[in-house]
Amino acid sequence: MNFELSEEQLAVQAAAREFAQIELLPGVIERDNEQKFPAEQVKKLGELGFMGMMVDPKYNGGGMDTLSYVIAIEELSKIDASASVSMSVNNSLVCWGLEKYGTEEQKQKYLTKLAAGEVIGAFCLSEPEAGSDATSQKTTAEDKGDHYILNGTKNWITNGNSASVYLVIAQTDASKGHKGISAFIVEKGWEGFVIGKKEDKMGIRGSDTHSLMFTDVKVPKENRIGAEGFGFTFAMETLNGGRIGIAAQALGIAAGALEASIKYAKERKAFGVEIAKHQAIQFKLADMATEIEAARLLVYKSAALKDAGQDYAHASAMAKLYASEVAMKVTTEAVQVHGGYGYVKEYHVERMMRDAKITQIYEGTSEIQKIVISRGLLR
């Protein structure tokens, strides 16, 4: 196994790190306080090619591998997880789903703009009663010949108000169960499509999270993705890749907390010496670093499997499960290393701890990941 990054991957890593320090770090605390979406920063990410990294260049994408994408997410998440999750959704859920399963007309109309960062996309699966359970969709799409009539509510939608293109999962034939679910492309501004209030969240407060309401929204037949009844498969395949992005986000949050802790431990003095010289702190840093490295290997492996065209569902679930747990543990320890200062916003780690929690929840809770992993083991 080759554990060395290529020159191109190292360049992506350096570019993402520089962007995070120059563009994301200034104002990140204020954006968190004010629940402000980093619109200017996300626009610049698009201009630099980060919003469609894995998309074929013929559709305005970067044509990069999944590992390069993961590396970029990790670096951005060290500083601002709210910005990185917007990029993650656009890349691994929206762009990937359209490029993999969309028609050529859909790709030319929507993917080219999404990959170029001209517009942002959102993936609409979760519902008030169903969460991420794609088999329990209450949103319906009724076939009316040349179009569908869409009715229902989606919630916890990342990029909810900032997006222009929405991939919506809906029930087209309830009698067929999960085989009666379809996927559609919906545009912002269509009659009957209403965006609800922004959620007041504990973490990733800069992320644009909204409920969406659809009342008799007319969706052209050409905006259905794949055949009718393909929606469940589309959602599951897309979420497999989405888990890699969230695992990378969790990894980045943890790594950022460790970097902040090392810096603080070298500066803060107690009993006449830097706290980094106290064995209690050294042990904490060693444990944090070891668990982060283990998470990184799982995340990178899942990305490598995807790039090799192999089955990565099992690996991505493992990566998401472990990396999210490491993020929560490491950020909590980072607050402890900082002592009282860790509890105030100025030192960033309290925000990282709040941001880490969501990585255990979205793209399926830890329990869902364990179901996916156990099914793979028992198959």
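Located above this text is the structure these notes cover.
Cut-offs applied
- Residue numbers here run from 1 along each chain, matching the order of that chain's written sequence.
- Residue-level local features of this predicted model are given only where pLDDT is at least 70; pairs of side-chain atoms are given and counted only at 80 or more, and the full residue set underlies all totals for whole chains, interfaces and linings.
- Water and hydrogen atoms play no part in the side-chain values, which are based on all heavy atoms of the structure.
- Every angle, taken between N-to-C directions, lies between 0 and 180 degrees, and every axis is a line fitted to C-alpha atoms, over only the stretch in contact when it is a helix.
- Under the scheme used here, helices are H or I runs from DSSP no shorter than 4 residues and strands are E runs no shorter than 2 residues, and both carry numbers assigned from the N terminus.
- An angle below 35 degrees is read as roughly parallel, one above 145 as roughly antiparallel, one from 65 to 115 as roughly perpendicular, and any other as oblique.
- Take the far helix as your reference; a near helix turned counterclockwise from it by less than a right angle gives a left-handed crossing, and one turned clockwise gives a right-handed crossing.
- Here a residue-residue contact requires only that any non-hydrogen atoms of the pair lie within 4.5 Å.
- In this classification, the charged set is Asp, Glu, Lys and Arg, the nonpolar set is Ala, Val, Leu, Ile, Met, Phe, Trp, Tyr, Cys and Pro, and all remaining amino acids, among them Gly, are polar.
- Partly exposed describes any residue whose relative accessible area lies between the buried limit of under 20% and the exposed limit of over 50%, with all areas from a 1.4 Å probe on protein chains only and scaled to the type maximum.
- For this analysis, a polar contact is any N or O atom pair within 3.5 Å, provided that within protein one partner can donate a hydrogen and the other can accept it, and provided that sequence-adjacent residues contribute only side-chain to side-chain pairs.
- The rule is short: rings of Phe, Tyr and Trp, with Trp giving its six-membered ring, pair when the centres are within 6.5 Å, and they are stacked under 30 degrees, edge-to-face over 60, tilted in between.
- Each salt bridge in this description consists of a side-chain nitrogen of Lys or Arg and a carboxyl oxygen of Asp or Glu lying within 4 Å of one another.
- In this text, buried Ala, Val, Leu, Ile, Met, Phe, Trp, Tyr and Cys residues form a nonpolar core when linked through side-chain atoms within 4.5 Å.
- Residue count minus one, scaled by 1.5 Å, sets the expected span of a helix.
- Throughout, the arc means that of the directions going from the helix axis to the C-beta atoms.
- Paired strands are those between which DSSP finds at least two bridges.

Asks: For the packing of helix H4 (residues 66–77) against helix H7 (residues 231–267), give the residues involved together with the corresponding values.
Replies: Direction vectors running N to C along H4 and H7 enclose 40°, while the axes themselves pass 7 Å from each other. It follows from the interaxial angle that H4 and H7 lie oblique. The way H4 lies across H7 gives a crossing that is right-handed. Residues Thr66, Tyr69, Val70, Ile73, Glu74 and Ser77 of H4 touch H7, and the partners they reach there are Ile244, Gly245, Ala248, Gln249, Leu251, Gly252, Ile253 and Ala255. Broken down by class, the residue content of the contact of H4 with H7 amounts to eight nonpolar, five polar and one charged.

Asks: Explain the side chain of Asn223 residue by residue, including any values.
Replies: If you trace the backbone, Asn223 turns up in the loop between strand E7 (209–220) and strand E8 (224–225). Residue classification places Asn223 among the buried residues on the basis of a relative accessible area of 3%. Looking at Asn223, its side chain comes within polar contact range of the side chain of Tyr110, at 3.1 Å. Asn223 has contacts with Gln106, Tyr110, Ala183, Phe184, Ile185 and Trp190, leaving out every residue within four places of it along the chain.

Asks: Summarise the packing of aromatic side chains; cite the residues concerned and give the values.
Replies: Here the structure, examined in full by the defined rule, presents 11 aromatic pairs. Residues Tyr148 and Phe184 carry aromatic rings whose centres are separated by 4.8 Å and whose planes lie at 65° to one another, so their mutual orientation is edge-to-face. Of the two residues, Tyr148 sits in strand E3 (residues 147–158) while Phe184 sits in strand E5 (residues 181–187), which places them 36 residues apart along the sequence. In this structure, Tyr148 and Phe184 share a single accessibility class: buried.

Asks: Help me get a handle on the pattern of salt bridges, residues and values and all.
Replies: Scanning the entire structure with this criterion turns up 23 salt bridges. Note that Arg31 is salt-bridged to Asp80, the shortest N-O span being 2.9 Å. In this pair, Arg31 sits in helix H2 (residues 28–34) while Asp80 sits in the loop between H4 and helix H5 (81–101), placing the two residues 49 residues apart along the sequence. What makes Arg31 buried here is its relative accessible area of 7%.

Asks: Describe the nonpolar core, listing the residues and the values that go with them.
Replies: Counting 65 residues, the largest nonpolar core has Phe50, Val70, Leu76, Met87, Ile292 and Val299 as its most contacted members. Within the residue set of this core, elements represented by two or more residues are helix H1 (7–24), helix H3 (39–47), H4, H5, H7, helix H8 (279–307), helix H9 (313–338) and helix H10 (349–358). Looking at this core, the element that brings in the most residues is H7, giving 13 residues. Not counting residues up to four positions away in its chain, the partners in contact with Val70 are Ile244, Ala248, Val299, Tyr300 and Ala303. With 24 residues, the next largest nonpolar core counts Leu98, Ile169, Phe234 and Leu239 among its residues.

Asks: Tell me about the packing of H5 against H7, and name the residues and values.
Replies: Relative to each other, H5 and H7 sit at 155°, their axes nearing to 9 Å. Comparing the axis directions of H5 and H7 gives the class roughly antiparallel. The crossing of H5 and H7 is right-handed. Facing Ala81, Ser84, Val85, Ser88, Ser92, Leu93, Trp96, Gly97 and Tyr101 of H5, the residues of H7 in contact are Phe234, Glu237, Thr238, Leu239, Gly241, Gly242, Gly245, Ile246, Gln249 and Ile253. Residue composition of the contact of H5 with H7, grouped by class: nine nonpolar, nine polar and one charged.

Asks: Pulling in residues and values, what's your account of the environment of Ala81?
Replies: Locating Ala81 in the fold gives a position in helix H5. By relative accessible area, which is 1% here, Ala81 ends up buried. As a C-alpha pair, Ala81 and Ala319 span 238 residues in sequence and 18 Å in three-dimensional space. Setting aside residues no more than four positions away along its own chain, Ala81 makes contact with Ile204, Gln249, Ile253 and Asp355.

Asks: Any chance you could break down H1 for me, citing the residues and the numbers?
Replies: At 3.6 residues per turn, the α-helix brings residues three or four places apart onto the same side. Taking 1.5 Å as the rise per residue, H1 with 18 residues should run 26 Å; its terminal C-alpha atoms sit 24 Å apart, in good agreement. By the burial criterion, the buried members of H1 are Gln9, Val12, Gln13, Ala16, Phe19, Ala20 and Leu24. Summarising the axial view, the buried residues of H1 lie within an arc of 130°, below the 170-degree limit, and thus occupy one face. Away from the buried face of H1 by more than 90 degrees, exposed residues Glu7 and Ile22 are located.

Asks: With reference to specific residues and values, describe the environment of Val217.
Replies: Mapped onto the elements of the fold, Val217 is located in strand E7. Relative accessible area serves as the criterion here: at 0%, Val217 is assigned to the buried category. In this structure, the C-alpha to C-alpha distance between Val217 and Ala317, residues 100 residues apart in sequence, is 35 Å. Once residues lying within four places of it in the same chain are set aside, the contact partners of Val217 are Tyr148, Ile149, Leu150, Trp190, Glu191, Gly192 and Phe193.

Asks: Run through the pairing of E5, naming residues and quoting values.
Replies: Among the seven residues of E5, six are classified as buried, and the element is accordingly described as predominantly covered. Across seven bridges, the pairing between strand E4 (residues 165–171) and E5 is antiparallel. By the bridge assignment, Ile169 is partnered in E5 with Ala183. In the sheet, E5 pairs with E8 via two bridges, with the strands oriented antiparallel. Bridge pairing links Phe184 to Arg224 in E8.

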